[in-house]
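Residues per chain, in single letters:
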Amino acid sequence: MRNFQKEVRTLSRVVHKGQAYDGNDLDPLGRFLVQTTLRHFFWLDLIARQLIKKPLPNKHHDLHLLLILGLGAVEHLNLPTHTCVNAAVETTRGLRKTWAKGLINGALRNFLRSRESLAKNLSDEPTARTNHPLWMIERMQRDWGAQASAIFSANNVPGPMTLRVNRQRLTRLDYQAQLMQLEIKSVPAVLSQDGLVLEQALDVAALPGFEDGIVSVQDSGAQLAALLLDPQPGDRILDACSAPGGKTGHLLEIMPTIDLVSADVDAHRLQRVQDNLARLGQADVTQCLDLTQRQARLGQFDRILLDAPCSASGVIRRHPDIKLLRRDSDLPALGKTQIALLNQCWQMLRLGGTLLYVTCSVFSEENVNIAQAFMAQHPEADLIPLPKVGVPLAIGVQLLPTIGAHDGFYFARFKKMGPGI
Amino acid sequence: MTPTLMTILEFPDARLRTKAAPIKNVSDAIATLADRMLATMYEAPGIGLAATQVNVHQRLLVCDVSEDKSAPLVLINPKIVEGHGSTETQEGCLSVPGFYETVVRPEQILVEAVNRAGEPFQLEADGLLAVCIQHEIDHLDGKLFVDYLSPTKRQMIRKKLLKLQKLNA
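What this report covers is the structure whose coordinates are included nearby. (Residues numbered from 1 in each chain as written. Chains lettered and ligands numbered in written order. Predicted model: local features only at pLDDT ≥ 70, side-chain atom pairs only at ≥ 80, totals over all residues. Heavy atoms only, no water.)

## Side note on the overall build of chain A
This is how it is decided: Working definition: helices are DSSP H or I runs of at least four residues, strands are E runs of at least two. Numbering for both runs from the N terminus. Taken over C-alpha atoms, the radius of gyration is set against a globule rule of 2.2 Å times the number of residues to the power 0.38. Only protein chains enter the accessibility calculation, which uses a 1.4 Å probe; a residue whose area is less than 20% of its type maximum is buried, one above 50% is exposed, and one in between is partly exposed.
Within chain A one finds 16 helices and 13 strands. Scaling as 2.2 N^0.38, a compact globule of 421 residues should have a C-alpha radius of gyration of about 22 Å, and chain A matches this with 23 Å. Considering only C-alpha atoms, chain A reaches an extent of 80 × 50 × 35 Å along its principal axes. Taking all 421 residues of chain A together, 56% fall into the buried category.

Right, dumping it as C-alpha cells:
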C-alpha cells in the first residue's frame, strides 16, 4: 500500500532544515504531492492546526507534516479520498508512530466532514488566503499595490512548460509541427521568437531531439535575457552567473560566432551548464569564478549578461519552497552581492559595451532600487531603451508572473559611456 | 562671464571633413574662441575638442585629461614631430556620440604648437593625453576615428547616427 514516508522526509528537509526542495528520491506522484503541498502550505498548515487541538510536541513535527501532506493529497491529488487517507495513516507505521494512526485518521476525516467551516475560519487570514508568508505579502503590496493579488494567484498555479527551439537547427514552427504529429499541443511564446509554450507539461524524454540539443526547456521570460543582450557577430561576451546554463545556450544559438565566457561561482551548479553545453553540441566555455571579486585576467567584454542571485520571488510558481525558505532579512545581503557583481562586471565592460542586469525577482529592492543605486554611482552608465514588454519602470522593465505565460523577471540595460574626445 | 557654448557637429556631417587653415595671428578672437571651446568641451562632457568640431576651420584644439578640469591645454597650429610605440585605446568622440571602438596609435608623441600668448612650445605626451592630441589633430585634417574602422562598422555607425539625428531633429 502507498505511504507518504519519503514525502514527509522531503518536506521536512525544506520546512525544518531550510534546505531547497529536492525531489530526487520521489516518484512523479510524490513530487507532485510535495510541490503542491509547498504551494498551498500556509493554508494547509493553518487547517492542520485547527484539526489538532493540542499542539504536538517538537519531536512529533513529522506527524504535523504528515497531516499537512495528507490534507494536500485529499485536496489536490486526483485520487479517491480514502486512498489518500489510507496512505497517510499507513505512513505512521514507517515513521514508527503507529500510536498516531487514530490521530491522523481522525483529523483527516474531521477535515472531510467540516472542510467548509474550517476554511471559512481562515477567510480573514492573509497568509492562508494568499499562501504566502506575511513579509512577502507586505512587500508585494508595498511594491505592486493592487497588482499584488494577481501576483499571488499566478504564483500558486504551476508555470507552463516552455521550450526554446534551437534556431540553428530549425524554426519553432517546424518543431511545433513535429510535436503536432505526436499529438503534443503547443503555442508560440509571445516574448521570445524561439519559444513554444506546451499545453501540458511532459517528460523531456518525450520531446523529439531533446538529447540532440534541438530543444531546451526555458521559460519565455528567461529567453528574453539573451535576446535583449543582442549579441553581434564576433562579440566577446560574459554570462556572469550562468548556471544552470539556459541563457548561455541561447546566446550561442542566437550568435554562434561569439566568444563566450560562461561563469558561475558554484562549481556544482556549473556542472549543469557543462551538461547543457554538451547536449547542445557546444564547447565547454565555463569558468568557476566569483565575480563579486576583481578577475583581472578575464579582460574586457563587448557585452555582459548579469543574471544576479536574488530572492527568486518571480519564479515562486516553479519553486514554491522559496515561500518557506526565503526571509525578508535575506534581501540586504543579496543587495550587496547584486551591487558588487554590477560594479565588477562594469569594470570588465569596454567603453560602448552593453550590460544587461537581470533578476528573477519582483521586489523593487533587488531591481529598480539596485539599478538606481548603480546609476547614481556611475554617471558614465547610460540607459539603453528596452522594447515594450511588461511594466515599464523609471529604470528598466518588470515582467510579472503571468498564468499560462512567462515568469517574473526584471531587466535593465546599460551602455558604458566614456569621455568624448 | 561664462563663455557662450558652441554646437558640436556630428558625423556624418560633411563639414567635419574640412581641412583647417593655419592660424597666422593669435588674436584676442582666437583666445576667446579657445575659452568658448573649453567651456563647450567641459559641458559635453569631453576631454578634447578641435575647432573643426564646432565648425571653425582653423588649426586650434583644446584638451584637458585631468579628472577635475585642472589641466586645460590650448594648442594652436599643433604638429606631431615624433611618435613612438603603439597603443590600443577604446576611443569615442563628441562628434560620434555613443560609439566606442578600438583605435591603434603611437603611444608617445612629441608635439610642437603655439600657445594662446602666441609663443611656440614643445610638449611630450603619452597615455590618454597623447591619444587625445592625435585624435584632435586628425579632426583638423578632416579625419575622424571612424576612418580607422572597417567600412562595414563605419557604415553601421553612420546609419545609426543618421537615424538618431532624424529622431532628434
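On we go.
## What to know about the side chain of His406(A)
All names here are of chain A. So the rule is basically this: In this analysis, two residues are considered to be in contact whenever any of their non-hydrogen atoms come within 4.5 Å of each other.
Relative to the helices and strands, His406 resides in the loop between strand E12 (397-399) and strand E13 (409-416). Exposure remark for His406: the relative accessible area of 13% places this residue in the buried category. If we skip the residues at most four places from it in the chain, His406 touches Leu191, Asp219, Ser220, Gly221, Arg317, Leu399, Leu400 and Pro401.

## Some points on the environment of Asp45(A)
Residues and elements named next belong to chain A. Our working definition: Between N or O atoms, a polar contact is any pair within 3.5 Å; within protein, one atom must be a potential hydrogen donor and the other a potential acceptor, and residues adjacent in sequence are included only when both atoms are from side chains.
In this structure, Asp45 sits in helix H3 (residues 41-51). C-alpha of Asp45 to C-alpha of Asp290: the two residues are 245 residues apart in sequence and 39 Å apart in space. Among all residues touching Asp45, those that are not within four sequence positions of it are His64 and Ile68. In terms of polar contacts, Asp45 uses its side chain to reach the side chain of His64, at 2.7 Å.

## Side note on the packing of aromatic side chains
The following threshold applies: Stacked, tilted and edge-to-face are the three classes applied to pairs of Phe, Tyr and Trp rings, where Trp contributes its six-membered ring and a pair requires centres within 6.5 Å; stacked means planes under 30 degrees apart, edge-to-face means over 60, and tilted covers the rest. As a reminder, the over-ring test applies to NZ of lysine and CZ of arginine, requiring each to be within 6 Å of the ring centre and within 35 degrees of the ring normal.
Taken as a whole and assessed by the stated rule, the structure comprises seven aromatic pairs over all chains. Between Phe41(A) and Phe42(A), the ring centres sit 6.2 Å apart and the planes meet at 85°, which makes this aromatic pair edge-to-face. On the numbers, 5.1 Å between centres and 85° between planes, the contact of Trp346(A) with Phe374(A) is edge-to-face. Here the residue Trp346(A) occupies a position in helix H15 (residues 330-348), and Phe374(A) occupies one in helix H16 (residues 368-377), the gap between them amounting to 28 residues. A relative accessible area of 0% means that Phe374(A) is categorised as buried. Each residue in the set Trp346(A), Phe374(A) and Phe414(A) is aromatic and connected to the rest through ring pairs, giving one cluster. In this arrangement the basic side chain of Lys415(A) is found over the ring face of Phe99(B), its NZ or CZ atom lying 5.0 Å from the centre.

## Notes on the sheet that holds strand E1 (residues 162-165) of chain A
All names here are of chain A. What counts, and what does not: Following DSSP output, two strands are said to pair if at least two bridges run between them. Geometry is summarised by axes, namely lines fitted to C-alpha atoms with helices restricted to the contacting stretch, and by angles between N-to-C directions that run from 0 to 180 degrees.
Strands sit in the order E2-E3-E1-E4 across an open sheet of four strands; the sheet is antiparallel. Because the sheet does not close on itself, it has two edges, and the strands there are strand E2 (186-188) and strand E4 (215-217). For this sheet, the mean inter-axis angle between neighbouring strands, taken without regard to orientation, is 30°. Looking at chain direction, E1 and strand E3 (residues 195-198) are connected through three bridges and run antiparallel. Residue pairing in the sheet places Leu163 in a bridge with Leu196 of E3.

## Topic: the pattern of salt bridges
Residue and element names in this part refer to chain A. Let me state the cut-off plainly: Whenever a carboxyl oxygen of Asp or Glu lies within 4 Å of a side-chain nitrogen of Lys or Arg, that contact is scored as a salt bridge.
Throughout the structure, instances matching the rule amount to 28 salt bridges over all chains. For Arg164, the salt bridge identified is with Glu253, shortest N-O distance 2.9 Å. Linking Arg164 in strand E1 with Glu253 in helix H12 (residues 246-254), this pair joins segments that are 89 residues apart in sequence. Among the charged side chains, a salt-bridge network with shared partners connects Asp219, Arg317, Arg318 and Asp407.

## Observations concerning the interface of chain A and chain B
Often, the extent of an interface is quoted as the loss of accessible area on bringing the components together. How we decide: Put simply, buried area is the surface a 1.4 Å probe can reach on two separate parts but cannot reach once they are joined, added for both.
Each partner contributes residues to the interface: chain A has ten residues there, and chain B has 18 residues. Regarding the contact of chain A and chain B, the summed buried area is about 1000 Å², with carbon and sulfur atoms giving 60% of it. Broken down residue by residue, the surface that chain A buries against chain B is led by Arg350(A), Gly420(A) and Ile421(A), which jointly contribute 61%. Across the chain A-chain B interface, the total number found is one salt bridge.

## Let's talk about the side chain of Asp235(A)
Residue and element names in this part refer to chain A. Here Asp235 is to be found in the loop between helix H11 (220-229) and strand E5 (236-239). The class of Asp235 is buried, set by a relative accessible area of 10%. In terms of polar contacts, Asp235 uses its side chain to reach the side chain of Arg303, at 2.6 Å. Among all residues touching Asp235, those that are not within four sequence positions of it are Ile258, Asp259, Asp302 and Arg303.

## Observations concerning the sheet that holds strand E2 (residues 60-63) of chain B
All names here are of chain B. Within the open sheet, the five strands sit side by side as E1-E2-E3-E6-E7. Their pairing is antiparallel. Sheet topology places strand E1 (48-50) and strand E7 (120-126) at the edges, where each strand pairs with a single neighbour. For this sheet the average axis-to-axis angle between neighbouring strands, irrespective of direction, equals 40°. In this sheet, strand E6 (residues 108-114) lies alongside strand E3 (residues 73-84) in antiparallel orientation, the contact comprising six bridges. The residue bridging His84 from the neighbouring strand is Gln108, located in E6.

Nothing here speaks to function; it is all geometry.
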